[in-house]
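# Fold and geometry: a report
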Amino acid sequence: MPDHIPFIRIFISSPGDVNDERKIALEVIEQLPYRPTFREKVAFRVIAWDKPGAGTPMRATLTPQDAINKGLPTPAECDIVVVLFWSRMGTPLTHDGKSYLSGTHWELLNALEAKRSETVIYRRTDDPPFKLSDPDFDKLHGQYKTVKAFFASDLFYEADGTIKRGINMYKTPDDFRRAFEIDLEVLVLDILKRADSHPPEPDVKDDDNISTIRAVTWDAAKSPFPGLRAFTEADADIFFGRGYETDALIRQLMGSRVVAVVGASGSGKSSLVGAGLIPRLRANAIPGSKDWRIARFTPGEAPFEQLYAALLEVFPHLKPNPLEARRIKQNFIADLREAPETLVEVCTAGLEGAPVWAETLLFVDQFEELFTLASKADAQAFAVLLEAISHCDRVRVVVTMRADFYHRAVEYPQLAELLRTGSFPLAIPKRDALRQMIERPAERAGLTFDHALADRILDDTGDEPGNLALMAYALDELYKLDDDNLLTHSEYEQLGGVSGAIGTRAESVFAALGVDDSIMQQVFHALVEVDERGTATRRRAQFQPDALAENVRKLINAFTTARLLVTNAVGMTPASSDNSKMAVVEVAHEAILRSWPRLAAWIEDTQDDLRLLRQVHNAAQEWDEKGRPAYLLWPQERLTLVYAMRERLKPELSDTERDFIEPEQARLLRELDSISTTHERRRDIGDRLAVIGDTRPGVGVKDGVPELLWLPVEVSPDPVMIQTNEVKIGPIVIPPFFIAQYQITYGQFQTFWDAPDGFDDAHWWEGMPDQYKKQEMNQQRTKITNAPRDSVSWYQSVAFARWLNHRLRGLELAHPSTGVLKVGANAEIRLPTEWEWQWVAQGGMQARAYPWGDWQEGFANTSEAGLSRTTAVGMYPHGRAECEARDLAGNLFDWCLNDKNKVDQISISSTEYKVLRGGSFVDLQYFAASSYRYSNDPSYRSSIYGLRLVVSAPMRL
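Treat the numbers as computed from the prediction; the structure is a model and nothing was measured.

Quick notes on the rules
- All chains use their own residue numbering, which begins from 1 and follows the written sequence.
- The model is predicted, so local features are restricted to residues of pLDDT at least 70 and side-chain atom pairs to those at 80 or more, both for listing and for counting; the totals for chains, interfaces and linings are taken over all residues.
- Working from all heavy atoms in the structure, the side-chain values ignore hydrogens and water.
- Ring pairs shown here join Phe, Tyr and Trp side chains whose ring centres sit within 6.5 Å, with only the six-membered ring taken for Trp; geometry is labelled stacked below 30 degrees between planes, edge-to-face above 60, and tilted in between.
- A run of H or I in DSSP becomes a helix once it reaches four residues, and a run of E becomes a strand once it reaches two; helices and strands are each numbered from the N terminus.
- Under the scheme applied here, a residue whose accessible area is under 20% of the maximum for its type counts as buried, over 50% as exposed, and between as partly exposed, the area being computed with a 1.4 Å probe on protein chains only.
- A carboxyl oxygen of Asp or Glu within 4 Å of a side-chain nitrogen of Lys or Arg is what we treat as a salt bridge.
- Multiplying 1.5 Å by the residue count of a helix minus one yields the expected span of that helix.
- Starting at the helix axis, one direction is taken to each C-beta atom, and the arc is that of these directions.
- The contact rule is simple, with two residues in contact once any of their heavy atoms fall within 4.5 Å.
- The set of buried Ala, Val, Leu, Ile, Met, Phe, Trp, Tyr and Cys residues whose side-chain atoms join them within 4.5 Å is what this entry labels a nonpolar core.
- Only residues whose relative accessible area exceeds 30% and that form no salt bridge are eligible for patches; like-charged ones are grouped when within 9 Å, while nonpolar side chains (Val, Leu, Ile, Met, Phe, Trp, Tyr) are grouped when within 5 Å.
- Note on areas: Shrake-Rupley, 1.4 Å probe, and residue coverage restricted to the protein chains presented here.
- His is not counted, nor are the chain ends; Lys and Arg add positive charge and Asp and Glu add negative charge.
- For this purpose, a charge sits on NZ of Lys, CZ of Arg, CG of Asp or CD of Glu.
- At least two bridges found by DSSP between two strands is the condition for calling them paired.
- Crossover handedness is defined here as right-handed if the route from the first strand over the helix to the second strand goes clockwise, with the strands pointing away from the viewer.
- Think of each axis as a best-fit line through the C-alpha atoms, taken over the contacting stretch in the case of a helix, with angles from 0 to 180 degrees between the N-to-C directions.
- Put simply, angles under 35 degrees are roughly parallel, angles over 145 are roughly antiparallel, angles from 65 to 115 are roughly perpendicular, and the rest are oblique.
- Left-handed describes a crossing in which the near helix is turned anticlockwise from the far one by less than a right angle; the clockwise case is right-handed.
- Amino acid classes used here: Ala, Val, Leu, Ile, Met, Phe, Trp, Tyr, Cys and Pro are nonpolar; Asp, Glu, Lys and Arg are charged; the rest, including Gly, are polar.
- By convention in this document, the label disulfide applies to cysteine sulfur atom pairs within 2.5 Å.

As a further point, take the packing of aromatic side chains. Taken as a whole, this structure holds 47 aromatic pairs when the rule is applied. Summarising the aromatic geometry, the rings of Phe85 and Phe151 are spaced 5.3 Å apart at their centres and angled 85° between planes, so their arrangement reads as edge-to-face. With Phe85 in strand 3 (residues 80–85) and Phe151 in helix 4 (residues 137–151), this residue pair connects regions lying 66 residues apart in the sequence. Owing to a relative accessible area of 0%, Phe85 belongs among the buried residues under this scheme.

In structure tokens:
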């Protein structure tokens, strides 16, 4: 460090319409001491006679006499004088009896009269910043004409038109930046050549009119490169390369109340607004913007809640009493949805006491979350809100949105219209801008690059969308590796270059944890979602620290330390986090999703699952918000995919999401429990269950064998009399037995037909009349797998029972009254006798008229139902018997084992009529009575006949 660094005085003079350029001039001056050529060789005193608090619309300055009285240097006493003009001349001034067009005019003349000062004049040629509609148009236009006349005066031209004095023309503030950077360097170099004659600057205290600028030692703990995080307002001093875009964005915001910065992922949208636009607004880039209130938020899952929190942050005086906070918040959200214009009222109230030109700027970052995380209802309401803002005069909005979500935005008419006039497309930076992003922050930190390393980084970055984030991360990692302020090729190669830095870092952090891929997947499936086109995007997720597995917490902590994840928690451990507070975690930048090979491969392999998970989240939210209507629930075919996805990803689902993906079977069966469910609906439910898979026990097939649900039947130890409509049976002792809950279904009977040892096996037909052995099967009338098997004869029913008895030999059923019944020992599977059947139907000694009691409409599928066909088994749970057996009334008649005329006989070798019980869908309720006895030829295969089985004491056939 030299003993004496010369201070160069720079005087900045301008009217009040070039605030942007004044801020840029200061930025350029602030940067120069960090340039390698000037480091530790120069410092600056910047003098400006701006009068603080003079108002926003027209900048006022101290008069020359005021400045002299304060002891401030005049332009003539400074080394460099920078004079800026655009559309205003300023307020007329009288000094020492002479009249001047403005204070700026006097300052320029004072500088030109001095031998010491190097004076540079800049004039902006862009269209003036006022319109015909402005109420002060005449005044503003008069100022503009004065400026034009001034630059045509003899101060700049000889009488013959020869140019007397040079003027530096520029069109935009960024053009000024480029020109001034070059001009200032030339001027300072020239002054430094005369450094020996440049006296030491006396110690001057900074105030509102003087600023001292010198190189400050960089805090080595702070990287000059942001890595994966976006630049913020606090990073404005290291934000370079986007001057042109910032100028254009300011112009766009001046003309549009709602502006959408649209660009590819990783193009720097958030940084442009946060570190480019907002600091310029703070410097009054738009007249009055220095007094604006700026609220920043991301939509997340609840955009209106996020907006509410952001407004309270910038308007703390509006914070409600804690006792009323919840109600006021709910009312605020409800009001915005119903009447979006109320936001203007809230912002107006928040600006109370601020200057009349003050406005509220809403910065909505990651706007695509409105389509990926928020519900459709909230997205629609927010679109309406933005449309309302576009018509007000005290609120503006800037949103940043990924270009690949543009098509989602224009699905909303309000957004489509706003984007038509308010889109600000952000391209990836060009090479010269990227160079500034690399070299200028490095200069601030006193870093230098190996020869050609900066060019190598530029070459590796290229012009692919998203590579800007890769470059930023590589530079940040390079800074961490460095220990001598020289960034080298070997260090860069160690990282894996621009393309490999993120992946190298992520893989090394992951490997050090010593966990398997399932831990990585468990974390990232909550942080990643995939849209319909297969595009992976990040999403925020909430975790309860004390509910996480240790390895999951370790991964989140390690990746947060590596700045690959970001979280609001101070360490994801129960000891360091409030157990009652959820920790919010998100991926630092979407570049990780593409650049870490392990993660990218998993996303590629699971993108269909991740896409489906996002769809479940959105659909469940919409379903819940609309009152959980049945029409929004997904069919089983789609839910089956969800269950498979859930098994693979094992995601944490909310209660709402778990309710939403309840199996359709469960929903349908729950409908059956309501007596108000119509016959037609019961029919349709059964048909639907057949399509999607009827999983009820006792209805289907398992391992090629009917899976029956056997119900124990309580009997009387004493002989009983069974009263039918035709005969009395008894007194008779009924041994304990089991009955199948349902009639044999079509699907179950088909196993007998298809089995190698089934229908064609002669064993099952032994003792039957020859003409009925292997009796040809009739076609099923109702061909759904869970409907009862119809069109079956008594002989076929017996053959089926014999086959099943063989297949289930050894089955043991524990009866509550008498112990175990074992098939093949003390019990067999067969058709029920009619007394067994009626005992079940009438509820034993209760002697019910129908299985449920007295007749009630809606309890059975008889002709009164009007369906003219069977339903699936079990569609009338209200009509169940006491032992839970279903369909003992209606649907199909059940074949019974015994003969009609000789009740106590079972004549398998004859053609004696056999008993049928229970009625059918074509018969009136009378036929469905528990005591009604019907019969027919055992060979008859009617479409209203079916079968039900029991496990009971063996009967000799």
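This part takes up the pattern of salt bridges. On inspection of all chains with the given rule, the structure shows 70 salt bridges. Between Arg116 and Asp79 there is a salt bridge whose closest N-O contact spans 3.1 Å. One end of the pair, Arg116, is in the loop between helix 3 (103–112) and strand 6 (118–124); the other, Asp79, is in the loop between helix 2 (64–69) and strand 3, and 37 residues separate them in sequence. Arg116 sits in the partly exposed class, given a relative accessible area of 37%. For Asp79, a relative accessible area of 4% corresponds to the buried category. Here Asp126 and Arg124 are joined by a salt bridge, their closest N and O atoms 3.6 Å apart. Assigned by exposure class, Asp126 and Arg124 land together as buried. Each of the salt bridges in this network shares a partner with another, and the network as a whole consists of Lys23, Glu27, Asp174, Arg177, Arg178 and Asp432.

To continue, consider helix 21 (residues 550–561). For an α-helix, 3.6 residues make a turn, and residues three or four places apart therefore share a direction. Here helix 21 is 12 residues long and its end C-alpha atoms lie 17 Å apart, about the 16 Å a rise of 1.5 Å per residue gives. For helix 21, every residue scored as buried is listed here: Val552, Arg553, Leu555, Ile556 and Phe559. With its buried residues spanning 160° around the axis, helix 21 presents them on a single face. Buried residues along helix 21 sit in contact with helix 19 (497–513), helix 20 (517–527), strand 18 (541–543), strand 19 (565–567) and strand 20 (583–587). Looking one or two residues beyond helix 21, the residue adopting positive phi is Arg563, at roughly 65°.

The subject of this paragraph is the nonpolar core. Counting 83 residues, the largest nonpolar core has Ile457, Phe524 and Phe559 as the members making the most contacts within it. The leading source of residues in this core is helix 23 (residues 597–625), at 10 residues. In contact with Phe559, not counting residues within four places along its chain, are Ala506, Val509, Phe510, Leu513, Phe524, Leu564, Leu565 and Trp596. Within the second largest apolar cluster, 46 residues are counted, among which are Leu343, Val364, Cys392 and Val397.

Bringing the environment of Leu434 into the picture now. Counting through the fold element by element, Leu434 comes out in helix 15 (residues 431–444). Leaving out residues up to four positions away in the same chain, Leu434 has contacts with Pro429, Leu458, Thr461, Gly462, Leu468 and Met471.

Turning our eyes to something else, we now look at a negative patch on the surface. A grouping of Asp335, Glu338, Glu341 and Glu345 is seen on the molecular surface, where their side chains present a negatively charged patch. Mapped onto the fold, Glu338 is located in helix 9 (residues 325–338).

Right, let's get into the pairing of strand 26 (residues 737–740). Of the two faces of strand 26, the one holding Phe737 and Ile739 and the one holding Phe738 and Ala740 are both buried throughout. Bridge count for strand 23 (residues 710–713) against strand 26 is four bridges, and the pairing is antiparallel. Bridge assignment links Val713 to a residue of strand 26, and that residue is Phe737. Direction of pairing for strand 26 relative to strand 34 (residues 950–952): antiparallel, over a ladder of two bridges. The partner of Phe738 across the bridge, within strand 34, is Val951.

Bringing the pairing of strand 6 into the picture now. When you tally the buried positions in strand 6, you get five out of seven residues, the bulk of the element. Inspection of the sheet shows strand 3 paired to strand 6 by six bridges, in the parallel sense. Of the residues in strand 6, the one forming a bridge with Phe85 is Arg123. Where strand 6 meets strand 7 (residues 168–170), three bridges bridge the pair, whose relative direction is parallel. Its bridge partner being in strand 7, Tyr122 is matched across the sheet by Asn168. With helix 4 bridging strand 6 and the parallel strand 7, this β-α-β connection has right-handed handedness.

Right, let's get into the environment of Pro429. Position of Pro429 relative to the elements: it lies in the loop between strand 13 (423–426) and helix 15. A relative accessible area of 7% places Pro429 in the buried class. C-alpha of Pro429 to C-alpha of Ser267: the two residues are 162 residues apart in sequence and 7.7 Å apart in space. Residue contacts for Pro429: discarding those within four places in its chain leaves Arg242, Leu434, Met437 and Leu468.

The next point concerns unusual backbone geometry. Residue Pro731 follows Gly730 across a cis peptide bond; omega there is 0°. By secondary structure assignment, the location of Pro731 is in strand 25 (residues 728–732). Phi at Gln366 takes a positive value of approximately 50°, unusual for a residue other than glycine. Mapped onto the fold, Gln366 is located in the loop between strand 11 (360–364) and helix 11 (369–372).

Relative to the helices and strands, Ser907 is located in the loop between strand 30 (893–899) and strand 31 (914–917). Setting aside residues up to four positions removed in sequence, Ser907 forms contacts with Trp794, Asp899, Glu912 and Lys914.

Attention now moves to the packing of helix 17 (residues 467–481) against helix 19. Viewed as axis vectors pointing N to C, helix 17 and helix 19 meet at an angle of 70°, and their least axial separation amounts to 8 Å. As far as their axial angle goes, helix 19 and helix 17 are roughly perpendicular. In this structure, helix 17 meets helix 19 at a crossing whose hand is left-handed. Here Asn467, Leu470, Met471, Tyr473, Ala474 and Glu477 of helix 17 lie close against helix 19, whose contacting residues are Gly497, Val498, Ser499, Ala501, Ile502 and Arg505. For the contact of helix 17 with helix 19, the per-class residue count stands at seven nonpolar, three polar and two charged.

Where strands meet in a sheet, backbone hydrogen bonds hold them as pairs that are either parallel or antiparallel. Spatial ordering of the open sheet is given by 23-26-34-29, a layout of four strands whose pairing is antiparallel. Only two strands of the sheet have a single partner each, and these edge strands are strand 23 and strand 29 (828–830). This sheet shows a mean twist of 30° between the axes of neighbouring strands, independent of strand direction. Across the sheet, helix 30 (residues 834–841) touches strand 23, strand 26, strand 29 and strand 34, and the angle it forms with strand 26 is around 75°.

According to the stated counting rule, one finds zero disulfides in the structure shown. Between Cys896, a free cysteine, and Cys883, which holds the nearest cysteine sulfur, the sulfur-to-sulfur gap is 14 Å. The exposure class of Cys896 is buried, given its relative accessible area of 0%.

Before going further, it helps to examine the sheet that holds strand 30. Strand order across the open sheet formed by four strands is 32-31-30-33, with mixed pairing between neighbours. Edge strands, defined here as strands with exactly one partner in the open sheet, are strand 32 (934–936) and strand 33 (945–946). As paired strands, strand 30 and strand 33 are joined by two bridges and run parallel to one another. If you follow Phe893 over to strand 33, its bridge partner there is Tyr945. Sitting on the sheet, helix 30 touches strand 30 and strand 31, and the angle it makes with strand 30 is about 135°.

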